[in-house]
Amino acid sequence: MIKSNYKVIGVMSGTSLDGIDLVYISFDVLDKWSFRIINAETTDYTSEWRVILKDLVLKSKAELVKIDTSYTAYLASVIKAFIQKNNITDFDFISSHGHTAWHQPQNKLTYQIGNLPHLASLLNETVVCDFRVQDVELGGQGAPLVPIGDALLFSEFDFCLNLGGFANISTNHKNERIAYDICPVNIVLNYFVKQLGFDFDDKGNIAATGKINQELLDKLNDLDFYNKPYPKSLGLEWVKNEVIPLIVSFKLEVKDVLRTFVEHVAIQVSKEIKSNQNTSVLVTGGGAYNEYLISRIKFYSNQNIVIPTDDIIEFKEA
């Protein structure tokens, strides 16, 4: 039924493994779409779930099916807790992304755990999920997931840039909304900074003390993916096979790895937001808090970079 107001619970888990994002939102549809975040929070993963989720690409299909069942039950419990904690009684449906296990659109393969029909049974609610599969089966990339939402809710910006595990972007091009992945971000930065005992490089302070290794930077910028036209998307498999081994082969100090990779991200992002005129770029995702990365993007792009409020940074995708 078409209505002028929808209340929805959105659930998102990204590749950076910083937790499960949950939002309770009211959408109004008048002359244009608008939204109001009523409740929002991130449920941290337990150490056990972090270990399981970080190695999903190495699992067999049989192992993934077993994990999928457990994760679906876990996700249901997290969603139930969110509903009960915030006394949520009025909503139209729950919209859940699940968590990406495999993403190989070139092979018409994508698998998000936590999308089993059992989720709706456990919650006894209407659930919308499994967003990627049909698009990939029909030859699409299945990611990024949010370009239509960007167009409807953030139309005042020329670009919507998300700096999460991966950087992705959406924009209008020839009267069509397009979206695609740009490059890895936190999935690589966090991998290396963990060697120093940190979950992430706070504000990019460690990267700022490092030195650029020009040979590594050149090799990163020469990776084949960056020469491909959109639509295109990235998965953890590509990072594990192409990016991590390349960086490790240089045997650099962690601070120099972070500095070089920040420069790589800034260069790749700036290529996608450059324009003949000053344009506005909405930046969300955990990378928006990396002040050093943002400064390097500004250095290369000279565009109007807009960092919104924390609730938009953290929960836009959810």
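Above this text sits the structure in question.
Describe the sheet that holds strand 10 (residues 176–184), and please don't skip the residues or the numbers.
Strand order in the open sheet formed by five strands is 10-9-8-11-12, and the pairing between neighbours is mixed. Each having just a single partner strand, strand 10 and strand 12 (304–306) make up the two edges of the open sheet. Direction aside, neighbouring strands of the sheet carry axes that sit 20° apart on average. With respect to the sheet, helix 11 (residues 291–301) is in contact with strand 8 (159–163), strand 11 (280–284) and strand 12, its orientation differing from that of strand 12 by roughly 155°.

Can you lay out the pairing of strand 1 (residues 5–13) for me, pointing to particular residues and giving the numbers?
In terms of residue burial, strand 1 counts as a mostly covered element, since eight of its nine residues are buried. With nine bridges connecting them, strand 1 and strand 2 (residues 20–29) associate as antiparallel partners. Bridging from a neighbouring strand, K7 pairs with S26 of strand 2. Linking strand 1 back to strand 2 in an antiparallel pair, the connection comprises six residues, with L17 at a positive phi of about 60°.

A description of helix 2 (residues 61–85) should follow, citing residues and the corresponding values.
The first and last C-alpha atoms of helix 2 sit 35 Å apart over 25 residues, in line with the 36 Å expected at 1.5 Å per residue. For helix 2, the complete set of buried residues consists of L64, I67, D68, Y71, T72, Y74, L75, A76, V78, I79, F82 and I83. Looking one or two residues past helix 2, N87 carries a phi angle of roughly 50°, positive in sign.

Lay out the packing of helix 6 (residues 186–193) against helix 9 (residues 236–248) with the relevant residues and their values.
Two elements in contact, helix 6 and helix 9, have axes whose closest approach is 11 Å; the angle formed by their N-to-C orientations is 50°. Taken together, the axes of helix 6 and helix 9 are oblique relative to one another. When you trace helix 6 past helix 9, the crossing you get is right-handed. Contacts from I187, V188, Y191 and F192 of helix 6 reach helix 9 at L236, V239, V243, I244, I247 and V248.

Break down the pattern of salt bridges for me, with residues and values.
Note on pairing: side chains with opposite charge can pair once their charged atoms come close. A full pass over the atoms with the stated rule returns seven salt bridges. In this structure, D55 engages K54 in a salt bridge whose closest nitrogen and oxygen atoms are separated by 3.3 Å. K316 is paired through a salt bridge with D150; the nearest N and O atoms lie 2.9 Å apart. Within this pair, whereas K316 is found in the segment after helix 12 (310–315), its partner D150 is found in helix 5 (residues 147–153), the two being separated by 166 residues in sequence. Per residue, the accessibility class of K316 equals that of D150, and both read buried. Salt bridges linked by common partners bring R259, E263 and R296 together as one network.

What counts, and at which threshold
- Residues numbered from 1 in each chain as written.
- Predicted model: local features only at pLDDT ≥ 70, side-chain atom pairs only at ≥ 80, totals over all residues.
- Heavy atoms only, no water.
- Pairing = 2+ DSSP bridges.
- Helix = DSSP H or I, 4+ residues; strand = E, 2+ residues; numbered from the N terminus.
- Axes fitted to C-alpha atoms, helices over the stretch in contact; angles between N-to-C directions.
- Contact = heavy atoms within 4.5 Å.
- Buried < 20%, exposed > 50% of the residue type's maximum accessible area, 1.4 Å probe, protein only.
- Expected span 1.5 Å × (residues − 1).
- Parallel < 35°, antiparallel > 145°, perpendicular 65-115°, else oblique.
- Left-handed = near helix turned anticlockwise from the far one by under 90°.
- Salt bridge = Lys/Arg side-chain N within 4 Å of Asp/Glu carboxyl O.

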